[in-house]
Amino acid sequence: DSYFLFNSGVRMTYQALNQFNIAIEPRYTSIQHRLQYNETVSVGTTEKYITSRLDQETLSAALRLNYALSPNLSIQYYAEPYISIGSYKDFSYVVNPLARTQQEQLYFFDQKQLSMDGAKHQFLVDENKDGIADYQFADPNFAFTQFRSNLVLRWEYFPGSELFLVWSQGMTDYTISNFGIREGIDRQLFQKQAENTFLMKLTYRFIRE
């Protein structure tokens, strides 16, 4: 089986001063029309292996900032938003995995055999088209978003003794969704409340004379 894969990434670094630099590394991946196993459904005494075609987009961007205010005082910042959207179509189930052609291996549902139960996030299957659902399987469409960041201040207030102040911010969201990556960035990155964590670490070096 064939599918389309596009993967790109670039790293850009800017050294404004000897003691300051910033780097950003965006990445984008697109997968189109890949055959994917979804789940196994029991129908009477038989099992049906549900498959489909997956279209998936993934976007991330790592940001790093380093600033040395003095040999003993520095600030570091790291942040990375990540979002991946998966959309499934052309649902089918396996009838003969050893057949030579895909049309013989899989049975593809037509539009009259599938309907959506939005409340339960399930596809209802009326395989014999008698108006009654014979079985169902879960809606596999997904939108996964994650954001992680760390701001660290390091101060060597005495040789070998350090103070660290850390601010961490994070957010993870997963939902069954049919929206695209642009709408997902707005809904899941810009409209979600991130969790904040503040930490302090103090070390002191004892010197014996």
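Residues numbered from 1 in each chain as written. Predicted model: local features only at pLDDT ≥ 70, side-chain atom pairs only at ≥ 80, totals over all residues. Heavy atoms only, no water.

1. Some points on the side chain of S161
- Mapped onto the elements, S161 comes out in strand β11 (residues 161–175).
- In this view, S161 contacts W155, E156, T203, Y204 and R205; residues no more than four positions away in its chain are not counted. (Helix = DSSP H or I, 4+ residues; strand = E, 2+ residues; numbered from the N terminus. Contact = heavy atoms within 4.5 Å.)

2. Some remarks on a nonpolar patch on the surface
- Taken together, F158, Y204, F206 and I207 make up a surface patch of nonpolar side chains, about 480 Å² in accessible area.
- Of the residues examined, F206 reaches a relative accessible area of 71% and is grouped as exposed. (Patch = residues over 30% accessible without salt bridge, like charges linked within 9 Å, V, L, I, M, F, W, Y side chains within 5 Å. Areas by Shrake-Rupley, 256 points an atom, 1.4 Å probe, with all protein chains shown as cover. Salt bridge = Lys/Arg side-chain N within 4 Å of Asp/Glu carboxyl O. Buried < 20%, exposed > 50% of the residue type's maximum accessible area, 1.4 Å probe, protein only.)

3. Some details on the pattern of salt bridges
- Counted according to the given criterion, the structure contains seven salt bridges.
- Linking R11 and E25 is a salt bridge whose minimum nitrogen-to-oxygen distance equals 3.5 Å. Taken together, the residues span a long stretch of sequence, with R11 in the loop between β1 (4–9) and β2 (12–17) and E25 in strand β3 (residues 20–43) at a distance of 14 residues.
- The class for R11 is partly exposed, based on a relative accessible area of 49%.

4. Some remarks on the sheet that holds strand β9 (residues 135–138)
- Taken together, three strands build an open sheet; the order of strands is β7-β8-β9 and the sheet is antiparallel. The sheet is open, and its two borders are formed by β7 (114–117) and β9, each paired with just one other strand. Neighbour-to-neighbour, the strand axes of the sheet open up by a mean angle of 30°, direction not taken into account. (Pairing = 2+ DSSP bridges. Axes fitted to C-alpha atoms, helices over the stretch in contact; angles between N-to-C directions.)

5. Points about the pairing of strand β5 (residues 73–94)
- As defined by bridge partners, strand β4 (residues 46–70) adjoins β5 across 17 bridges and the pair is classed as antiparallel. Bridge assignment links L59 to a residue of β5, and that residue is I83.
- As consecutive antiparallel partners, β4 and β5 are separated by two residues.
- Both β5 and strand β10 (residues 142–158) contribute to a ladder of 14 bridges, which runs antiparallel. Note that in β10 the partner of Q76 across the bridge is V152.
- Sheet topology places β5 next to strand β6 (residues 106–108); three bridges connect them, and they run antiparallel. Looking across to β6, one finds that V94 is bridged to L106.

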